[in-house]
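Structure at a glance
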Amino acid sequence: MSAQIISGKEVSAQVRERLKKDVEKMKLQDLNFRPGLVVLQVGDRDDSNLYISMKLKAAAEIGINSTHMRLPKTATEEEVLHSITEVNENSSIHGLIVQLPLDSVNKIDTEKVTNAVAPEKDVDGLTSINAGKLSRGDLGDCFIPCTPNGCMELIRQTGVSVAGKKAVVLGRSKIVGAPMHDLLLWNHATVTTCHSKTTDLAGEVGKADILVVGIGRAEMVKGEWIKKGAVVIDCGINHVPDDTKPSGKRVVGDVHYASAKEQAGFITPVPGGVGPMTVAMLMANTVLSAKRFLDSHQPGKWNISHTKLNLQKPVPSDIVISRSCVPKPIDHLAREVGLLCDEVELYGKTKAKVQLSIIKRLQAQPDGKYVVVTGITPTPLGEGKSTTTIGLVQALGAHMKLNVFACVRQPSQGPTFGIKGGAAGGGYSQVIPMEEFNLHLTGDIHAITAANNLVAAAIDARMFHEYTQSDKALYNRLVPLNGGQRKFSPIQINRLKKLGIEKTDPSTLTEEEITLFARLDIEPSSVTWHRVLDTNDRFLRKVTIGQSPTEKGYTREAQFDITVASEIMAVLALTSSLEDMRQRLAKMVVATSRSGQPITTEDLGVSGALAVLMKDAIKPNLMQTLEGTPVFVHAGPFANIAHGNSSILADKIALKLVGPEGFVVTEAGFGADIGMEKFFNIKCRYSGLRPHVVVLVATVRALKMHGGGPTVTAGMPLPKEYIEENLELLEKGCSNMRKQIENAQHFGVPVVVAVNGFKTDTEAELDLVCTMAKAAGAFDAVRCSHWAEGGAGAVALGQAVQRASEAPSNFKFLYDLELPIADKIRIIAQKIYGADDIELLPEAQHKVELYTKQGFSNLPMCMAKTHLSLSHEADKKGVPTGFILPIRDIRASVGAGFLFPLVGTMPTIPGLPTRPCFYDIDLDPETEQVNGLF
């Protein structure tokens, strides 16, 4: 009786159909996901082209995105390895095949090239790592070479159990024989491998219940060698002469098929046996790789290790604590929180930028819980918002084992060398390394400085050139001859469209159109754009520019702001994508023309260059806390003249990464009346995000100051009222906390009060604050000791936040954008500050009329007011009443997307004190260690 034929065509068709269904299931899991395969070919061999076309066709049928990467015959080994590295780092590719042989005129080490393929993408199963795992029996953690894998699938189709059978493998090649031996062995067969040196080959073959032949010699194995009823798998492909064929030859295997099928129980034909299975199993490995990738990169599925703190008493300085902790390599942390290697740009070992492409990858994933940390009205004694933010995330992550991200602002370098010092948190609740955090970080603030000052230079240069040239000369220089022709740049086409001139040929503009296009006609006194510097320098608050003789007497008064006050910083913080940032940068209004038209950066022709300068700054910066939880540090807008919150992009990415049960904790600048109000009315309005919990930070001694405690002088001992129990003073000061709780409740979000403890606080004082907070409507109020204990000291706060996040939330904005400008200001003044009313001074009234006419009246308000009082007078502590809020002026940040009413005057670039921090800062030339930061 003849053997049953095992048809590789039929089995491979079944495998492909199964794989097609598997790919469809993956698409249901993630709409944007497709398995990806790259076939890398060097040269242009016809046989390789044929094999590759078969692979690409099979991939397309199954639903795999496949790419044929061709390198020329002149490719060097280095170029091949570089191409492999690129594919290894591409997270959308799950399988990489290096088509052999490598057809290059240069010498290339094939072993080195195949081993360069990342083992997790080695769907051919040829790397030493995959071969080693197979030989050790780690079948679930490796890729099995396609031909042996196909052979096993064909054996399974026979229904013959491999376990306990005698198997003989004829051939010991790395691609077929050796892995086939291992595969049969770990499927519990007793395996013998025969080769060219084997004596009595026929006798060994005759013992086989299962025979796999891949020796590369045509029809070598005869039927009489084969045990009756054996399973015979023929991997050979050989060509023998055959005059009956048009080609003069035919394909045969390594087994003499006609005689063997009379002995065997099952046999594979050649062709049509093992051949079709090789491609099918290659596709199976690619789909398996994609499945493994999906399983290991499920959003919210973190495998994170936390750093154990070595707490010391008394608590050392911040820099000593920071240096006592060895940060995890930042690429390691990135992998732990679900970031892919091609989504991360490393800036050294402790910080990295995250690509915005992650937003698209995770867009279908649910967000985590969103928490904003704010505080009572600030005092010189400090409330510790940043420290509480970090302590809370360390508690949620390292101690409560929840996925959590902190999203904080990048501090300005100016105050670091001025009076404030660093801003990385403090004690055992810090972002590390604090030197990196407080100094250059990844250069975002420098990029903003460059972009901002380019705009300033463009404004003054444009005014100068318009003053000194005729319309025609100006036009000819703006649209210069190039190769005998004038051509508008794309940005100039945009200006023409804005002017209603639908022309693209520079030679067709009328004289009137030329004047309209070439002259911005800026009114010098209307310029609102200032130069910036990230240094505290009081002598730049008012300067005269243009005093060189080359400027021909065109001078004007100007000023510098600190970089974080630049509108570009606010744009960075409020943008949602690269395209959105480009549009916001283009809309920034820098001045007004003499005819009353707003002049934008797009009119100046500089907006595209700004986007180029900002293209890296838009990517959030990844760092970590002392306890190894992740932190995004991104954007740092001023909290009075801007909105004082970190970036929307960082929050959005973090919310996707933590998963629906995780938390993102961000911090709003200054007190709840400033940073929190802007967080809700500006940031949440543009982001579309809805917060779950407000954490309001308070301290006993700051509340005492709001209760009428004495003034604190820097460098002098604290008055006894702040270090001795004084319940009466504290109770009076709790009025400020009560008002800030009420302010949060205006937005319908639960409030948890964090009482940041100091060693001078008494039990009675701490209990009083918690009792009064709950009586004022707080969801909960808890003591914290995270400065001294790290996350362990904020676990009670973390638990309260977790409970509050599950409470009903009825988030709402404070005002409707369609209301008139004055009404929006009045609502903020009355509901948040407690004012009786507002007073628009003449310049402010003029701006209301101007911005309404220019179409900016429907923007949200960003109040520029002192942060030291609920009122406009910094020395009025507690909860001032019976005051009228004076609005001195209103300015527009149209690109960022808000108007900022000015309440009183305030410096926009700090000055240096008598003894700045820089006296203590130095560098150890031997260790390169920064000393003196605190």
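Overview of the structure. (Residues numbered from 1 in each chain as written. Predicted model: local features only at pLDDT ≥ 70, side-chain atom pairs only at ≥ 80, totals over all residues. Heavy atoms only, no water.)

Here we look at the overall build of the protein
In terms of regular secondary structure, the protein is built from 33 helices and 37 strands. Along the first, second and third principal axes, the C-alpha atoms of the protein reach 110 × 80 × 55 Å. Taking all contacts inside the protein whose residues are at least 6 apart in sequence as the whole, residues at least 24 apart take part in 74%. For the protein, the exposed surface amounts to about 38,900 Å²; the carbon and sulfur share of it is 53%. (Helix = DSSP H or I, 4+ residues; strand = E, 2+ residues; numbered from the N terminus. Contact = heavy atoms within 4.5 Å. Areas by Shrake-Rupley, 256 points an atom, 1.4 Å probe, with all protein chains shown as cover.)

Quick notes on the packing of aromatic side chains
In total, this model carries 16 aromatic pairs according to the counting rule given. Look at F464 and Y554: their rings are 6.2 Å apart centre to centre, the planes differ by 80°, and that puts the pair in the edge-to-face class. Placement of F464 in helix α17 (residues 444-468) and of Y554 in the loop between β21 (543-545) and β22 (556-558) is noted, with a sequence separation of 90 residues between them. Seen in terms of ring centroids, F679 and F680 are 5.4 Å apart; in terms of plane orientation they differ by 65°. Their pairing is edge-to-face. Accessibility classification places F679 together with F680 in one group, the buried group. Members of the aromatic cluster, each reached through a chain of ring pairs, are Y370, F679, F680, F747, F811 and F813. Here the basic side chain of R292 rests over the ring of F143, its NZ or CZ set 4.7 Å away from the ring centre. Positioned above the aromatic ring of F813, the side-chain terminus of R685 is 4.2 Å from the ring centre. (Phe/Tyr/Trp six-rings, centres within 6.5 Å; stacked < 30°, edge-to-face > 60°. Buried < 20%, exposed > 50% of the residue type's maximum accessible area, 1.4 Å probe, protein only. Lys NZ or Arg CZ within 6 Å of the ring centre and 35° of its normal.)

Some points on unusual backbone geometry
Here the residue pair L100 and P101 is connected by a cis peptide bond, since its omega of 0° sits within 30 degrees of zero. With respect to the helices, strands and loops of the structure, P101 is situated in the loop between β4 (95-98) and α4 (110-116). With an omega of -5°, the peptide bond between V270 and P271 qualifies as cis. Along the chain, P271 falls in the loop between β11 (266-267) and α10 (274-296). We note that L441 has phi near 50°; this positive angle belongs to a residue other than glycine.

Focus on the sheet that holds strand β5 (residues 166-170)
The parallel open sheet is built from 6 strands, whose spatial order is β1-β11-β8-β7-β5-β6. Sheet topology places β1 (4-5) and β6 (190-194) at the edges, where each strand pairs with a single neighbour. Note that β5 and β6 share 5 bridges and pair parallel. Opposite V169, over in β6, you have T193 as the bridge partner. Those strands touched by helix α6 (residues 146-158) are β7 (210-213), β8 (231-234) and β11, and its axis lies near 150° from that of β8. (Pairing = 2+ DSSP bridges. Axes fitted to C-alpha atoms, helices over the stretch in contact; angles between N-to-C directions.)

Regarding the nonpolar core
In this structure, F405, F632, F680, M737, V753 and L885 are the most contacted members of the largest nonpolar core, which totals 141 residues. No other element matches the 9 residues that α17 contributes to this core. Not counting chain neighbours up to four residues away, the residues in contact with V753 comprise L696, M737, I741, A773, A778, D780, A781 and V782. Among the nonpolar cores identified, the runner-up in size contains 52 residues, and L134, V162, M180 and C235 belong to it. (Core = buried A, V, L, I, M, F, W, Y, C linked by side-chain atoms within 4.5 Å.)

Digging into the environment of P316
With respect to the secondary-structure elements, P316 resides in the loop between α10 and α11 (318-324). The spacing of P316 and A3 is 313 residues in sequence and 82 Å in space, taken between C-alpha atoms. Non-local contacts of P316, meaning those with residues more than four positions away in its chain, are made with I321 and Y428.

Brief notes about the pairing of β7
Both faces of β7 are covered, namely the face carrying I210 and V212 and the face carrying L211 and V213. Relative to β7, β5 runs parallel, the two being bridged by 4 bridges. Directly across from L170, in β7, lies its bridge partner V213. Of the strand pairs in this sheet, β7 and β8 are connected by 4 bridges, and their pairing is parallel. The residue bridging V213 from the neighbouring strand is D234, located in β8.

With respect to the pattern of salt bridges
All chains considered together, the criterion is met by 52 salt bridges. Between D242 and R250 there is a salt bridge, with its nearest N and O atoms 3.1 Å apart. What makes D242 buried here is its relative accessible area of 12%. With a closest N to O distance of 3.7 Å, D889 and R891 form a salt bridge. A residue is classified by how much of its surface remains accessible, and D889, at 7% relative accessible area, is buried. (Salt bridge = Lys/Arg side-chain N within 4 Å of Asp/Glu carboxyl O.)

Overview of the packing of helix α28 (residues 727-745) against helix α29 (residues 763-775)
Where α28 meets α29, the closest approach of the two axes is 10 Å, and the angle between their N-to-C directions is 35°. α28 and α29 meet at a crossing whose hand is right-handed. Facing α28, whose interface residues are L727, L730, E731, C734, M737, R738 and I741, α29 presents A764, E765, L768, V769, M772 and A773. Residue classes in the contact of α28 with α29 are distributed as 10 nonpolar, no polar and 3 charged. (Left-handed = near helix turned anticlockwise from the far one by under 90°. Nonpolar A, V, L, I, M, F, W, Y, C, P; charged D, E, K, R; others polar.)

Considering a nonpolar patch on the surface
The grouping of L50, Y51 and M54 at the surface amounts to a nonpolar patch, some 300 Å² of accessible area in total. For Y51, the position within the fold is in helix α2 (residues 46-62). (Patch = residues over 30% accessible without salt bridge, like charges linked within 9 Å, V, L, I, M, F, W, Y side chains within 5 Å.)

A word on helix α26 (residues 672-687)
Taking 1.5 Å per residue as the helical rise, α26 with its 16 residues ought to reach 22 Å, whereas the 19 Å between its terminal C-alpha atoms falls clearly short. Along its length, α26 shows its largest kink, about 35°, at F679. A large share of α26 lies buried, amounting to 15 of its 16 residues. Directly after α26, the chain includes G688, whose backbone phi takes a positive value near 75°. (Expected span 1.5 Å × (residues − 1). Bend = angle between axes of the 7 residues up to and from the residue.)

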